[in-house]
Amino acid sequence: MVRLSDIIKQDTLKKSVSEQEKRPEILKEDKKEETVDHDSFNKIEAGVQFKDMAMGKKEETIDQNTFEQLEAGVQFKDIITEKKEIAKKAEDKERLKQYEKIYDNIYEFAKGVITAIKAGGKPELSQGFKLIEQIVDNTESLDILYKKAIYSKGLDTTVLHGVNVMVYALKIGQGLGFNRKQLIELATASLMHDTGMLRIPDSIVNKTEKLTDEEFNLLKRHPIFGHEILSKLYPEYPWIAEVALQEQERVDGLGYPQGLKGDEIHIYAKIVAVVDVYEALTHQRPQRKRYLPNEAVKMIVQKERDSFDKKVIKAMLTKLSAFPLYSYIRLNSKAIGMVIELDELSPLRPTLQIIFDDKGRKIAGEKIIKLKDTPLLYITDSIDEENLPK
């Protein structure tokens with residue numbers, strides 16, 4: 001029986017390697033506390049009370065424009081709120097860049113691990129643990145890393161696959177209620193689950209035609225190769241090698257290399273088994289386009305739901321959102337929006353901020369739409385940021 005996961009595993013052998021652009025360091029500007037002087041208070045009219053101004057934790061500077069706005073009927077509290085919202089957006093943008101930097105750092109770490117193993121060395125895992133701890137200890141970053149993983153491209157696909165599987169596995173581990181130690185172990189094992197692929201000849205790895213039976217049988221030995229490599233390198237972390245050995249096992253007993261069933265399979269390996277397929281489906285291959293996250297989930301559930309643990313599938317349905325936070329989508333109205341809030345009970349109907357109208361024109365101000373309250377609108381496609389209207 002040929003499984004979707006077997007086809008996907010062949011797909012992952014097509015490599016597309018290029019250098020990643022280095023991102024500039026993020027600079028943080030010192031914030032200066034604003035003040036309100038006595039003369040400013042004397043000038044305030046239009047019913048603005050002193051006590052209303054004094055309630056904020058930080059005082060605000062009031063300039064001539066403020067007074068003109070007050071005379072025009074603009075409330076002082078609205079001006080203060082607007083300034084705070086602008087500051088919050090700047091802070092949010094800075095935080096997003098910092099989270100994306102974590103992804104870049106993990107990619108470089110994984111790339112170094114592969115290079116070292118190929119050269120016969122033993123990569124030090126301490127840096128990897130530190131990076132993973134940064135994610136586990138700040139779960140908000142996972143939504144940003146998830147978006148980064150979904151839309152990642154133009155990098156070494158061998159390295160990228162491991163990093164993305166790690167991100168997806170953490171999302172599911174979070175959904176299953178794993179504790180800190182379990183999440184760190186799961187992330188580490190996920191990142192290194194395909195180590196055995198390093199022993200597969202390049203003639204097979206880079207082959208674009210269908211593999212012969214002999215080639216495919218050799219490919220299916222990569223879990224054994226991974227276990228051999230990792231058990232020798234890291235005997236103090238046996239779960240890393242165990243997951244590498246079992247990531248192609250299936251709960252119905254039809255996986256390989258041992259044909260394990262149900263609870264004979266490590267829970268970490270059950271998670272990696274699902275996200276390994278999900279990662280391949282959601283990224284483009286030479287012979288096919290990438291599938292949207294919701295399409296990938298649908299394919300997995302329809303074609304191989306008996307292959308995977310039911311608890312893991314349930315967590316996948318809720319945690320691997322169809323449209324990641326801060327990603328861009330197109331509606332059936334042709335308008336383009338950014339996902340600003342997720343709803344696990346309605347994963348296909350998030351809350352959006354509309355950015356462009358149906359003619360590709362920038363929307364002035366903020367137009368927020370909750371799709372779950374707007375039955376006539378629905379998402380038709382996801383859009384890479386670089387493809388947004390100029």
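This one's a predicted model, so the numbers in the text were calculated from it and none came from an experiment.

## Let's talk about the packing of aromatic side chains
And then number 1: Taken as a whole and assessed by the stated rule, the structure comprises five aromatic pairs.
And then number 2: With a centroid separation of 5.4 Å and 75 degrees between ring planes, the pair formed by F129 and Y237 is classed as edge-to-face. One end of the pair, F129, is in helix 6 (residues 126–136); the other, Y237, is in the loop between helix 12 (222–233) and helix 13 (238–246), and 108 residues separate them in sequence.
And then number 3: Residue class for Y237 comes out partly exposed when judged on its relative accessible area of 25%.
And then number 4: When the centroid spacing of 5.7 Å and the interplanar angle of 75 degrees are considered together, the rings of Y146 and Y168 count as edge-to-face. Taken as a pair, Y146 in helix 7 (residues 140–151) and Y168 in helix 8 (residues 157–175) lie far apart in primary sequence, 22 residues in all.

## Thoughts on the nonpolar core
And then number 1: Among the nonpolar cores identified, the biggest contains 74 residues, and Y168, Y278 and M316 are the most heavily contacted of them.
And then number 2: Contacts of Y278, omitting those with residues within four sequence positions, involve Y146, I150, Y168, P293, A296, V297, I300, L320 and S321.
And then number 3: Listed in part, the 12 residues of the second largest apolar core include I329, A335, L352 and I354.

## Regarding the sheet that holds strand 2 (residues 336–341)
And then number 1: In spatial order, the strands read 4-3-2-1-5; together these five strands make up an open sheet with antiparallel pairing. One side of each edge strand has no neighbouring strand; the edge strands of this open sheet are strand 4 (368–370) and strand 5 (379–383). On average, adjacent strands in this sheet sit at an angle of 40 degrees to one another, irrespective of strand direction.
And then number 2: With five bridges joining them, strand 2 and strand 3 (residues 351–356) adopt antiparallel strand pairing. In the strand pairing of strand 3, V339 is matched with L352.

## Focus: the environment of I368
And then number 1: Among the structural elements, I368 can be located in strand 4.
And then number 2: We classify I368 as partly exposed; its relative accessible area is 41%.
And then number 3: For the pair I368 and G337, spaced 31 residues apart in sequence, the C-alpha to C-alpha distance is 9.0 Å.
And then number 4: Beyond its immediate sequence surroundings of up to four residues, I368 is in contact with I340, T351, L352 and Q353.

## What about the pattern of salt bridges?
And then number 1: The full count for this structure, using the stated rule, is 12 salt bridges.
And then number 2: A salt bridge links D309 to K270; the shortest N-O distance between them is 3.2 Å. Residue D309 is located in the loop between helix 15 (293–304) and helix 16 (310–319), and its partner K270 is located in helix 14 (residues 267–281); the two are separated by 39 residues in the primary sequence. Like K270, D309 is buried.
And then number 3: Among the ionic pairs, K359 bridges to D358, the shortest N-O distance being 3.4 Å.
And then number 4: Assessed through its relative accessible area of 59%, K359 is described here as exposed.

## Structural notes on unusual backbone geometry
And then number 1: Look at the link from Y256 to P257: it is a cis peptide, with omega at 10 degrees.
And then number 2: With respect to the secondary-structure elements, P257 resides in the loop between helix 13 and helix 14.
And then number 3: A positive phi angle is found at Y326, which is not glycine, with a value near 70 degrees.
And then number 4: Assignment of secondary structure puts Y326 in the loop between helix 16 and strand 1 (328–331).
And then number 5: One non-glycine residue, K334, adopts positive backbone phi at about 80 degrees.
And then number 6: The residue K334 is located in the loop between strand 1 and strand 2 in this model.

## Examining the packing of helix 8 against helix 14
And then number 1: Two elements in contact, helix 8 and helix 14, have axes separated by 9 Å at closest approach and are oriented at 125 degrees. The angle between helix 8 and helix 14 falls in the class oblique. As helix 8 packs across helix 14, the resulting crossing turns out to be right-handed. Listed contacts from helix 14 to L160, H161, N164, V165, Y168, A169 and I172 of helix 8 are I271, V272, V275, D276, Y278 and E279.
And then number 2: Broken down by class, the residue content of the contact of helix 8 with helix 14 amounts to nine nonpolar, two polar and two charged.

## Observations concerning the confidence of the model for the chain
And then number 1: Residues of the chain with pLDDT of at least 70 account for 75%, and the chain-wide mean is 80.
And then number 2: This stretch, residues 12–63, has a pLDDT under 50; its non-local contacts, to residues over four places away or in other chains, come to 78 contacts.
And then number 3: Low pLDDT, under 50, characterises residues 66–84; the stretch is placed with 20 contacts to residues that sit more than four places away or in other chains.

Calculation notes
- Residues numbered from 1 in each chain as written.
- Predicted model: local features only at pLDDT ≥ 70, side-chain atom pairs only at ≥ 80, totals over all residues.
- Heavy atoms only, no water.
- Phe/Tyr/Trp six-rings, centres within 6.5 Å; stacked < 30°, edge-to-face > 60°.
- Helix = DSSP H or I, 4+ residues; strand = E, 2+ residues; numbered from the N terminus.
- Buried < 20%, exposed > 50% of the residue type's maximum accessible area, 1.4 Å probe, protein only.
- Core = buried A, V, L, I, M, F, W, Y, C linked by side-chain atoms within 4.5 Å.
- Contact = heavy atoms within 4.5 Å.
- Pairing = 2+ DSSP bridges.
- Axes fitted to C-alpha atoms, helices over the stretch in contact; angles between N-to-C directions.
- Salt bridge = Lys/Arg side-chain N within 4 Å of Asp/Glu carboxyl O.
- Parallel < 35°, antiparallel > 145°, perpendicular 65-115°, else oblique.
- Left-handed = near helix turned anticlockwise from the far one by under 90°.
- Nonpolar A, V, L, I, M, F, W, Y, C, P; charged D, E, K, R; others polar.
- pLDDT = per-residue confidence, 0-100.

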